[in-house]
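# Observations on the model geometry
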Amino acid sequence: MSFATRRPIATIVVALLLLFTLLSSVSIVPETRQALIVRFGKPDRIYNRYKPGQPIGAPGAGLAFRIPFVDDIVWIDKRVRDVDMDRQMVLSTDQLRLEVDAFARYRVVDPLRMYVSARSEDRVGEALRPILGSELRNELGRRPFADLLSPERQGAMENIRSRLDKIARQYGVQIIDVRIKRADLPDGSPLQSAYDRMRTAREQEARSIRAEGAKQAQIIRAEADAQAAQTYAASFGKDPVFYDFYRAMQAYQRTFVDGGKDRPTNLILSPQNEFLRQFTNGGGR
Amino acid sequence: MRMIPGWPVHTRGLLADNKGPWGPSGGETPSEGEKAPPPSGPSSPWASPGTFTPGGGNRQIGGLDDLIARSRARFGGGGGGNGGAGIGRRPPSGSLIAWFVGAFVLLWLIFTSIHSIAPEERGVVTQFGRYSRTLGPGVSFTLPSPIERVRKVDVENIRNIDLGSVSSETLMLTGDQNVIDIAYSVRWNVRDPELFLFELQNPEQTIQQVAESAMRAALSATTLNEAIGEGRADIEARVQENMQTVLNAYRSGVVIQGVAIKQADPPAAVNDAFKAVSAAQQAAQSDINQARAYALQLRQLSQGEATAFDKVYEQYRLSPDVTRRRMYYETMERVLQSVDKTIVEAPGVTPYLPLQQTRPPAAALQDPPAQGTATQGAGR
């Protein structure tokens, strides 16, 4: 105390130094990170290392102690991270092209291995990106185009994942999942020819729909005609001779009376006409 | 308000012990600022954010000042040891600094240990970085900042991710190798805030990528016609299910509430051809409709005519001859009434009939021949 009152500046300096040392000997390891303690460049121990199936809040995260100026902390992500692949042109066995966009999810499961082989998780991602691309191309390039559209069904994605995983293990990384995000026809002629095919298919469909409609309409008409004929025959067939007369009368009526209204007909009659029978023979029979 | 006096005083006592390590680390509070409490502010009545300057003039500040004064009195009385002596020697500046530090520490403690969690939120508490518990809505207390921290996660709010837009084309391939222009949105919320915070590096981007992947997978299993037609609901359900499976496998703590396809159309380049198909469907339908109308009409007509004939025939059968003649005369009567008539007395006479020219003065010409025939007829 007497020292403190006599040399206030020295006291403050000493206190600050002590404080700094104390603070730098304790670090907080959050749930999302793994802490690799490196002693003079040599990896020493790991805090909060990922263990499969461990629930959140299990011992691991928390305070980490280290010797100031001796131990260094390397922070490594514990979470699931992703690698987004560059677009990749895949050539199918039937020589068609497809542009594929995929992503992989990974997690650092061996921080030490990751640290010695790549130093940081970003660099692991950078290293995995081209490998993912080529694995994808190799695997999908062995399939016909139609299969490329749904590679999940044929287990292709699982193949890619397991092969990529083997490589990733060298980096202390586990590949959790590989998925195709997009699969598109390349711009230009492949897309254009797909459009053409779609267009012609639609035109074909349109024509067949029209033809089908015409066919059905014709059938409906024919059925109606047949039914009408049947109705007529059933009725008129009872007395064809009378029908002949009856229909003739109707025809005259329609032709000359109804049809001749705006254009009167000239009729030249001979007195021998049946209608004029009474007219000429003066009422005698 | 009642319980506060006891609380800070208590922590203050705690502070007196740990003055070394924790006092200066208060200087780190700006970095703690990301941790929510100070800015989003406990809306509790006893503290308001931004009152670090003592000149705030709030009503609450008065209360705080009292409190500090009281605790200072106690502090000054009790801890006479080292600090008291130093302060005592230089009263103005020393006590002022102590004041500032005290007030600052107090506020900081209040802000970092009292948390008000909104109804839609959960507070994920970490103790020295390790997950310890999840706080429900309401006011909760934790240990102060470097020891325990709270991150608030909105779990009820249903968030929306739009993929593809209605205005621009987002093309995808369907199972029958056609191209479809699609726009859809995914609604999701957080189910497990701790998983959401700690398991994925980039949850939102993950959800988006998984959505794209699931949609592509679902479309590649359907045909274009299904996708633009009645297959939509089915696709939506499949995408949702698929996404949920994948996100569960990632332990993302996210629930997909729904997937909505806002647009599923053929690409603009071939849209005309698709319109032509629907035009053809319309045309075919109208053809069929016309035929149906014709059929209906014809059927009615034939039945009508047949029935009419039957009726007449019934009567005819009762007295055939008379009916027949009557019909004949009646018809002829009507016919001859409405036509121009010429009766020619038969053989040897070849009448000159300028048929075309007689038409206009037909009315005038009507009489003479009629008279002529009449005389001839009479002469016979």
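Going by the annotation in an unreviewed UniProt entry, the name recorded for chain A is Protein HflC, with Sphingomonas rosea given as the source organism. Database annotation for chain A, UniProt heading Sequence similarities (unreviewed entry): "Belongs to the band 7/mec-2 family. HflC subfamily."

It is worth spelling out the overall build of chain B at this point. When its secondary structure is counted, chain B shows 15 helices and 10 strands. The buried share of chain B, taken over its 380 residues, is 39%. Contacts in chain B between residues far apart in sequence, at least 24 positions, make up 69% of those at least 6 positions apart.

A few words now on the sheet that holds strand β2 (residues 121–127) of chain B. Neighbouring strands of a sheet are bound in pairs by backbone hydrogen bonds; such pairs are parallel or else antiparallel. Residues and elements named next belong to chain B. The 3 strands lie next to each other as β3-β2-β5, forming an open sheet whose pairing is antiparallel. The open sheet terminates on both sides in strands that have one partner only, identified here as β3 (130–135) and β5 (148–154). Along the sheet, successive strands turn relative to each other by an average axial angle of 25 degrees, direction set aside.

With that settled, consider the sheet that holds strand β2 (residues 33–39) of chain A. All names here are of chain A. Sheet architecture is open: 3 strands sit in the order β3-β2-β5, paired in antiparallel fashion. The open sheet is flanked by β3 (42–47) and β5 (71–77), the only strands paired with a single partner. Within this sheet the neighbouring strands show an average axis-to-axis angle of 30 degrees, counted without direction. Bridge count between β2 and β3: 5 bridges; the pairing is antiparallel. Within the sheet, the bridge partner assigned to Val-38 lies in β3 and is Pro-43. Sheet contacts for helix α3 (residues 111–118): β2, β3 and β5; angle to β2, the most-contacted strand, approximately 65 degrees.

It is worth spelling out the interface of chain A and chain B at this point. Contact residues are listed per partner, giving 97 residues for chain A and 100 residues for chain B. Summed over both sides, the interface of chain A with chain B buries roughly 9,000 Å², with 62% coming from carbon and sulfur. Applying the counting criterion to the chain A and chain B interface returns 3 salt bridges. Of the charged contacts in the structure, one is a salt bridge between Lys-238 of chain A and Asp-310 of chain B, with a shortest N-O distance of 3.0 Å. For the interface between chain A and chain B, the tally reads 29 residue pairs in polar contact (both at pLDDT 80 or more). With 25 residues, the top contributor of residues to the side of chain A that touches chain B is helix α7 (residues 189–236) of chain A. Here the residues of the side of chain A that touches chain B sort into 52 nonpolar, 18 polar and 27 charged. Bridge count between strand β10 (residues 266–269) of chain A and strand β10 (residues 340–343) of chain B: 4 bridges; the pairing is parallel. Its bridge partner lying in β10 of chain B, Asn-266 of chain A is registered against Asp-340 of chain B.

What counts, and where the lines are drawn
Residues numbered from 1 in each chain as written. Chains lettered and ligands numbered in written order. Predicted model: local features only at pLDDT ≥ 70, side-chain atom pairs only at ≥ 80, totals over all residues. Heavy atoms only, no water. UniProt positions renumbered as here; feature names shortened; annotations may be inferred. Helix = DSSP H or I, 4+ residues; strand = E, 2+ residues; numbered from the N terminus. Buried < 20%, exposed > 50% of the residue type's maximum accessible area, 1.4 Å probe, protein only. Contact = heavy atoms within 4.5 Å. Pairing = 2+ DSSP bridges. Axes fitted to C-alpha atoms, helices over the stretch in contact; angles between N-to-C directions. Buried area = accessible area lost by both parts, 1.4 Å probe. Salt bridge = Lys/Arg side-chain N within 4 Å of Asp/Glu carboxyl O. Polar contact = N/O pair within 3.5 Å; in protein donor to acceptor, adjacent residues only side chain to side chain. Nonpolar A, V, L, I, M, F, W, Y, C, P; charged D, E, K, R; others polar.

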